[in-house]
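Chain by chain, the residues:
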Amino acid sequence: MKDNSKTELNWTLKSSFTLKNNISLTAHIVILFISLFINNLNARAQAKTSSNKISGSISDDFNKPLAHATINVLRMKDSTLVKTSLTDVAGNFIFENIPTGNYQIVATMVGYKKAYSKLFTVSETIALLKLAPMQLFMETKTLKEIVVIAQNPFIERKMDKLVINVAGSSVSAGSTAMEVLEKAPGVTIDKDDNITMKGKQGVLIMLDGKLTYMSNADVSNMLRSMPSNQIESIELITSPSARYDASGTSGIINIKSKKNRSMGLNVTLTAGAGYGQTSKYNGGTNLNYRKNNINLFGNYNYADNGGLTNMILNRRVDYLDTITNFDQLNNGNNRRISNSFKGGLDYSINKNHTIGVLINGYDNINNQQTNNNTFRKNNFDQSEAIDVLGNKKDTYRNIAYNLNYIGILDTSGKDLSVDLDYSNYHGKQDELRDNYYTLSDASPKKPLFIKNYAPSQIDVKSIKIDYIHPLNETTKLEVGIKSSLVKTDNDLLLAKREGAIWVADSEYTNRFVYKEDIFAGYLNFSKEFTQTEVQVGFRTEHTHSKGNSITKNAVVDRKYLKLFPSISLSHKINKDHQLGLSFSRRVDRPSYSNLNPFLNFLDEYTFQQGNPDLKPQFSNSFDLSHTYRGSFTTSISYNRTKDARIFVTEQNDITKKTYAIDRNIDKQEVFALNIFAPVPVKHWWKINNNLQIFYMGFKGTLNGKVLKSGQTALNYNMDHSITIHKTLSAETSLQYQSPLQNGIFKVESQSVVNAGFRKTFLNNKANLKFSINDILNTRKNRISTTFQNMNLNFTEKSETQVGRI
């Protein structure tokens, strides 16, 4: 396969904006507009503040300068924070353009006691105010006993998102990112690794705030190779602001990795093992070196995880006077070997400007052996048994590069950040499927030997510029632009063996090339009043996508420009009650795997197919919330999606073949009530409850028949955090999902119980975690449909009851 992407590697900031003349002109106009707008704001801001400077210095108890200490300026009238900064390598700090009034400086640093300056006054007559040198003294108090005052719960509700605190959790010990995600409230993952929130597809997966640009299957491969010890937290964001990409109609899942901010050299070693029905091993190391203006970091993780899957599928085909029943049993045995790594360097040019480079990636191998037994029998006692033995080897390799800059332009809080990203993904599937037949009349039928070979490649280039401009102490403006260029090349070859020769089958062989260019700009305005906060944003995205089925000589070319507004209001009624209101419009574009029209051959009667005619789906979401005492939260939400994309199966009665495919329907609506109730039973025992009650409805036309379905469902999650001893803690979690309707499918209820313990040693320098997931072995997917001429149901059970240490 010819690789044209090498010529695209040598790209620069200039070339990313000059790929196409019309886009280049638009981008330059946007940049010019932003520059003029910011200069005008600077002029206005300078006219309203006094031109002054406040300087000082910080040293330790040995009179040595303290670099990177946090300096806060507090207004004495109400003790509110006016500005903040860090000391430079010489321990000095300086603030400019502080409004007139009375203030105090508070200096802090990890491992030191707070220090307070004397009260001082800023007036228009003083151009430079030098404060007396300040000292931070180290904490020298020895504690006889360590008492845990507060600990982040496994699940934490915040105003605009739900946070799963993975770091420190024993329930997540030894797991992968995918397994942790499966425990999140309202998140489900089906047998094809499609991720949904509140039963709704269209989830955008981000890593540390960055897009992955991968298909569902590729994202799943990445998450299954990412150990949980790399993760700090997982954020479930249902109403993102305009600063985020508009993708993801049901919201964003942002996975935040751990960051070590300690000084000097720090090394962490991890090792784990688990067993359910197969063995699982993992290990890794994390290194961090931070000194003065350099931060060097890196990690490597290895995992060797086995897994078993079992699926039972039954379907009935009625055609004329013939009734045919299919009973299928599929057993899979997987062994996934993962190697993941990350390395980077942050260099602080001075206290306000930092540049960084980052490289991360993974190299994975998945070996899978399957045994698929299909028994077909009709009402005339004609039967056929098909035994399919499969042996598949998948290899996935990804490497991503990032160059970034963060600058604090002045003491008023002007902030500029730039990210340049390039990533390259290679995947390869190599599979053999041997089909053997037994007929009821004992007549011979030749075995069918099939070979699948499917290499794929993804290249992603993107640039993002974000600027934050405080207009005054309570008003802030954010503007930014982004360009992302994605190209995927997928080549499927299916061959059948005839004698000793493999012959390509043109019906199942196809090369598909997909390109997607997105150019975006946004403006976000926020204002703080006495009791109210308001944020209004507008994001516009121009999309040009082109799917080219080279083998079939079919091209689908789309261009569209869309506006995505968002608004968020928060009002504090009193110290106990707070109201929130949000609205956002979002889009979910079909990925290359959804659009690729080739047929994926599972057996002679079961196929999976892409749909090149899929349209993007657009959604409008509203959310009204109430928070009591900063923790007990109730929210009511409504989401309406136009051209909603749903997964369906379609049946050919004559050939008795079933095809799995994505289709667009007119709309999907979701009404939801969410209650988050933390209950502190004792100071050592806390319970978090999260209840979601929602109605999900679908309306549209599929193959000439009207689809109108919907059902009220609930999702309940409860987790307990128990401090048994100052060095020993325990966690348990319970999840329940009621039956629900998802498009044409009815999904049965599901419940899961997990538990874990965590023990610390050596003054918290080492810890041991033990967990058991799915203690009762109840996690399984049970799905059925009787839509149109179909009558099928299947049950899928994976290896979920696993103990880990």
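Rules used throughout
Residues numbered from 1 in each chain as written. Predicted model: local features only at pLDDT ≥ 70, side-chain atom pairs only at ≥ 80, totals over all residues. Heavy atoms only, no water. Helix = DSSP H or I, 4+ residues; strand = E, 2+ residues; numbered from the N terminus. Contact = heavy atoms within 4.5 Å. Areas by Shrake-Rupley, 256 points an atom, 1.4 Å probe, with all protein chains shown as cover. Buried < 20%, exposed > 50% of the residue type's maximum accessible area, 1.4 Å probe, protein only. Phe/Tyr/Trp six-rings, centres within 6.5 Å; stacked < 30°, edge-to-face > 60°. Lys NZ or Arg CZ within 6 Å of the ring centre and 35° of its normal. Pairing = 2+ DSSP bridges. Salt bridge = Lys/Arg side-chain N within 4 Å of Asp/Glu carboxyl O. Core = buried A, V, L, I, M, F, W, Y, C linked by side-chain atoms within 4.5 Å. pLDDT = per-residue confidence, 0-100. Lys, Arg positive; Asp, Glu negative; His and termini not counted. Polar contact = N/O pair within 3.5 Å; in protein donor to acceptor, adjacent residues only side chain to side chain.

Caption draft 1: Summary view of the overall build of the chain. Broken down by element type, the chain carries six helices and 46 strands. In the chain, of all internal contacts separated by at least 6 residues, the share reaching a separation of at least 24 is 64%. A total accessible area of about 39,200 Å² is found for the chain, and carbon and sulfur atoms account for 56% of it.

Caption draft 2: Examining the environment of L492 more closely. Tracing the chain through its elements places L492 in strand β26 (residues 475-498). With a relative accessible area of 7%, L492 lands in the buried category. Along the sequence, L492 and S456 sit 36 residues apart, while their C-alpha atoms lie 8.6 Å from each other. Leave out the neighbours within four places in its chain, and L492 touches N452, Y453, A454, Y508, T509, N510, F598 and L599.

Caption draft 3: Structural view of the side chain of T370. With respect to the element layout, T370 can be found in strand β22 (residues 353-378). Look past the residues within four positions of T370 in its chain and what remains in contact with it is N331, G332, V388, L389, G390 and R433.

Caption draft 4: Highlighting the packing of aromatic side chains. Using the criterion set out here, one finds 14 aromatic pairs in the structure. Pairing Y508 with F607 gives two aromatic rings, centres 5.9 Å apart and planes at 10°, and the pair type is stacked. Taken together, the residues span a long stretch of sequence, with Y508 in the loop between β27 (501-504) and β28 (510-528) and F607 in strand β33 (residues 606-609) at a distance of 99 residues. Of the two residues, Y508 and F607, both sit in the buried class. Ring pairing ties together the aromatic residues Y508, F607 and Y659, which thus form one cluster. Sitting over the ring of F449, R497 keeps its end group 4.2 Å from the ring centre.

Caption draft 5: Just the pairing of strand β18 (residues 264-275), in detail. By the bridge criterion, 12 bridges tie β18 to strand β19 (residues 279-291) in an arrangement that is antiparallel. Counterpart to T270 in the pairing with β19 is G284. Count of turn residues in the β18/β19 antiparallel hairpin: three residues. With two bridges joining them, β18 and strand β46 (residues 802-804) adopt antiparallel strand pairing. Bridge pairing links Y275 to G803 in β46.

Caption draft 6: Highlighting the pattern of salt bridges. In total, this model carries 25 salt bridges according to the counting rule given. The salt bridge partner of K482 is D245, with a shortest N-O separation of 3.1 Å. On the criterion of sequence distance, the pair formed by K482 in strand β26 and D245 in the loop between β16 (231-237) and β17 (251-257) is long-range, its members being 237 residues apart. A single burial state applies to K482 and to D245, both of which are buried.

Caption draft 7: Examining the nonpolar core more closely. Formed by 23 residues in total, the largest nonpolar core has its most connected members in I646, I665, F694, L702, L707 and I744. Going through the elements one at a time, β35 (632-652), β36 (657-682), β37 (685-702), β38 (705-725), β41 (745-747) and β45 (792-798) are the ones with two or more residues in this core.

Caption draft 8: Inspection of the confidence of the model for the chain at higher detail. Across the chain, pLDDT averages 83, with 85% of residues at or above 70. With pLDDT under 50 throughout, residues 1-50 is counted as low confidence; its partners more than four residues away or in other chains account for 54 contacts. The low-confidence segment residues 141-150, where pLDDT is below 50, has three contacts with residues more than four positions distant or belonging to other chains.

Caption draft 9: Local environment of the environment of I234. Position of I234 relative to the elements: it lies in strand β16. A sequence separation of 57 residues divides I234 from A177, and the C-alpha atoms of the two residues are 9.2 Å apart. Beyond its immediate chain neighbours, meaning those up to four positions away, I234 contacts L162, V163, I164, V166, V180, L181, I253, N254 and I255.

Caption draft 10: Looking closely at the pairing of strand β1 (residues 53-60). Judged by how many residues are buried, β1 sits mostly within the fold: six of eight residues are covered. One ladder, built from three bridges, connects β1 with strand β8 (residues 128-130); its direction is parallel. The residue of β8 that forms the bridge with K53 is L128. Of the strand pairs in this sheet, β1 and strand β4 (residues 92-96) are connected by five bridges, and their pairing is antiparallel. Bridging across to β4, S55 finds its partner in I94.

Caption draft 11: Layout of the side chain of R586. With respect to the helices and strands, the residue R586 is situated in strand β31 (residues 577-588). The buried charged residue R586 lacks any salt bridge partner; its closest oppositely charged side chain belongs to D245, at an N-O distance of 7.3 Å. Among the polar contacts made by the side chain of R586, one reaches the main-chain carbonyl oxygen of D245 at a distance of 2.5 Å. The contacts of R586, once residues within four sequence positions are left out, are L204, P240, D245, A246, S247, G248, T249, I252, F564, Q617, F618 and S619.

Caption draft 12: Spatial organisation of the environment of N97. As for its position among the elements, N97 is in the loop between β4 and β5 (101-108). Sequence separation of N97 and N52 is 45 residues, and the distance between their C-alpha atoms is 5.2 Å.

Caption draft 13: Summary view of unusual backbone geometry. Backbone geometry places L320, a non-glycine residue, at a positive phi of 55°. Turning to its location among the elements, L320 is positioned in the loop between β20 (294-319) and β21 (322-350). Here L320 falls in the exposed class, since its relative accessible area comes to 76%. At Q788, a residue that is not glycine, the phi angle is positive and equals roughly 50°. Examined against the element boundaries, Q788 turns out to sit in the loop between β44 (781-785) and β45. Take Q788: its relative accessible area is 24%, and that puts it in the partly exposed class.

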